[in-house]
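A structural walkthrough
Here is how the chains run, residue by residue.
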Amino acid sequence: ASLGARKSRSSVFDAPVYLSLLPAETLDGMTSTEQATVLGVVGFGDLPESAGDAPYPVLTLPMSHLDDQKLCEVWQSPWPVSHGENQGIRYACNGEVLFGVLYLRGNEREAVETGTYRAYRRILDLIHVAGYKHLVRMWNYLPRINDEYLGLENYQRFCLGRHQAFAEADYLFDRDLPAASAIGAGTDGLLIYFIAARVPGRQIENPRQVSAYRYPLRYGPRSPSFSRATLMEFGGVRQLYLSGTASIVGHETLHPEDAAGQLVETLINVQTVLDEASHARARLDELGPDCTLKIYLRHRKHFSLAKKTLAETLHPLSPVIFLQGDICRRDLLLEIEGVIR
Ligand code: 3EB
């Protein structure tokens with residue numbers, strides 16, 4: 001099988017994957033030539049119906065946009081991609097990276113940890129067989145993330161299954177963990193999308209925070225298996241994949257009932273991770289269109305505060321997607337993630 005035959009690069013300055021945030025209508029006007037270089041599309045709420053016929057993997061997340069510009073994520077390749085499907089994972093790859101999406105339907109009789117374990121095993125099998133062995137970034141969307149069943153929250157059960165899959169695959173938790181987000185959405189089942197690469201990135205941790213994989217037991221029987229960011233270096237092009245970042249210092253939530261306080265603390269954490277990656281031009285207010293962020297708010301009522309604060313903190317040309325989503329700890333009101341070039 002030719003899972004992503006290596007093609008010649010269109011430009012030495014291109015990264016093999018780049019993210020554009022575009023209005024969903026843009027997808028309607030795409031020619032088949034343009035579609036051939038799309039690794040995948042992720043929409044929130046509704047995508048145009050035509051997206052269902054697209055050759056590339058599409059994931060529509062049942063989450064509400066909070067602002068009027070309803071942007072979707074278009075993950076592009078500088079050269080045409082190949083497509084495939086394996087154990088329910090739809091994917092596209094281009095010789096350097098693989099982009100995949102997986103929907104694991106909710107099953108009343110299966111515990112969340114078992115479903116998560118199955119999903120992660122499939123993903124780890126695929127990237128191994130396809131030769132894109134290094135996970136860069138994972139996005140996880142769970143139903144009823146804060147609900148508790150027999151003493152364990154769904155998020156804690158998710159962490160159990162994920163941890164088991166990584167442990168069995170002999171992952172080194174201080175070196176091999178991808179950046180990630182885990183968010184509660186109105187799904188029935190587990191929705192995951194991910195990026196894997198032929199070459200490893202550099203795992204970045206946040207010196208203000210205990211690494212998530214070392215969180216103490218009070219947060220759950222198995223710690224969350226993710227890094228604070230992955231720094232990729234493709235040729236001369238650097239990209240920072242920033243994990244979901246929240247108002248946590250050490251391992252504790254700060255400003256539990258104060259959205260403004262959480263926002264400020266979260267932005268300090270984001271800046272700290274940027275500094276840690278010693279990314280060029282790494283000040284949040286100086287990064288322009290190459291800084292694409294996504295913010296999840298637990299409550300709609302905090303949208304205008306978030307919009308205003310981000311406008312004051314970011315460069316005016318940095319696009320932001322505002323979504324309603326549940327955060328994995330009950331006392332967290334918001335979380336910010338991003339891809340920064
Ligand atoms: C935190 O720092 C906040 O379990 O994959 C953020 C990003 C969080 C990813 C995950 C969890 C995850 O612990 C929560």
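None of these values were measured; they are calculated from a predicted model.

What counts, and where the lines are drawn
- Residues numbered from 1 in each chain as written.
- Predicted model: local features only at pLDDT ≥ 70, side-chain atom pairs only at ≥ 80, totals over all residues.
- Heavy atoms only, no water.
- Disulfide = S-S within 2.5 Å.
- Pairing = 2+ DSSP bridges.
- Helix = DSSP H or I, 4+ residues; strand = E, 2+ residues; numbered from the N terminus.
- Axes fitted to C-alpha atoms, helices over the stretch in contact; angles between N-to-C directions.
- Expected span 1.5 Å × (residues − 1).
- Buried < 20%, exposed > 50% of the residue type's maximum accessible area, 1.4 Å probe, protein only.
- Polar contact = N/O pair within 3.5 Å; in protein donor to acceptor, adjacent residues only side chain to side chain.
- Contact = heavy atoms within 4.5 Å.
- Phe/Tyr/Trp six-rings, centres within 6.5 Å; stacked < 30°, edge-to-face > 60°.
- Near = heavy atom within 4 Å.
- Areas by Shrake-Rupley, 256 points an atom, 1.4 Å probe, with all protein chains shown as cover.

Side note on the state of the cysteines
As enumerated under the stated definition, the model contains zero disulfides in all. The thiol of C159 is not disulfide-bonded; the next cysteine sulfur, from C328, is found 7.1 Å away.

A closer look at the sheet that holds strand β4 (residues 71–76)
With mixed pairing, four strands are arranged side by side in an open sheet as β1-β4-β2-β3. For this open sheet the edge positions go to β1 (18–23) and β3 (58–61), each flanked by a neighbour on one side alone. Averaged over all neighbouring strand pairs, the angle between strand axes comes to 20°, with direction disregarded. When β1 meets β4, the two strands line up antiparallel, connected through six bridges. Following the sheet pairing, S20 is matched in β4 by V74.

Some remarks on helix α3 (residues 154–168)
Its 15 residues give α3 an end-to-end C-alpha distance of 21 Å, which sits within 8% of 21 Å, the value for a rise of 1.5 Å per residue. With 11 of 15 residues buried, α3 lies mostly within the body of the structure. Buried residues of α3: N154, Y155, Q156, R157, F158, C159, G161, R162, H163, A165 and F166, and no others. One or two steps after α3, the chain reaches D170, where phi turns positive at roughly 60°.

Overview of the side chain of S77
One can find S77 in the loop between β4 and β5 (82–86). In this structure the side chain of S77 is engaged in a polar contact, spanning 2.5 Å, whose partner is the backbone oxygen of W79. Of the polar contacts made by the side chain of S77, one reaches the side chain of N94; its length is 3.0 Å.

What to know about the sheet that holds strand β19 (residues 320–324)
Read from one edge to the other, the open sheet built from six strands follows the order β13-β14-β15-β20-β18-β19, with strand pairing classed as mixed. Of all strands in the sheet, those with a lone pairing partner are β13 (202–204) and β19, marking the two edges. Going across the sheet, the axis of each strand differs from the next one's by a mean of 15°, ignoring polarity. Bridge count between strand β18 (residues 291–297) and strand β20 (residues 334–340): seven bridges; the pairing is antiparallel. Bridged to L297 within β20 is L334. Relative to β20, helix α4 (residues 259–276) is tilted by about 30°, and along the sheet it contacts β13, β14 (229–234), β15 (237–245), β18 and β20. Across the face of the sheet, helix α5 (residues 303–313) comes into contact with β18, β19 and β20 while running at roughly 160° to β19.

Describing the packing of aromatic side chains
This structure, assessed with the given rule, holds 13 aromatic pairs. Note on W75 and F99: the rings are 6.1 Å apart at their centroids and 35° apart in plane angle, and the pair reads as tilted. Residue W75 is located in strand β4, and its partner F99 is located in strand β7 (residues 97–105); the two are separated by 24 residues in the primary sequence. Using a relative accessible area of 1% as the deciding quantity, one classes F99 as buried.

Topic: the site of the ligand
If you check the shell around the ligand, you find 13 residues, and the closest are Y155, R162, Y215, R228 and C328. Measuring from an oxygen atom of the ligand, one finds a side-chain N or O atom of Y215 at 2.7 Å. One of the side-chain nitrogen or oxygen atoms of R228 is found 2.8 Å away from an oxygen atom of the ligand. For the ligand, the protein covers 99% of the area, taking 350 Å² as the surface of the free molecule.

Side note on unusual backbone geometry
Unlike most non-glycine residues, Q87 shows phi in positive territory, near 45°. Within the element layout of this structure, Q87 appears in the loop between β5 and β6 (89–93). A residue is classified by how much of its surface remains accessible, and Q87, at 43% relative accessible area, is partly exposed. One non-glycine residue, L150, lies in positive phi territory at about 50°. Looking at the element boundaries, L150 is found in the loop between β9 (148–149) and β10 (152–153).

That is the geometry; function is a separate question.
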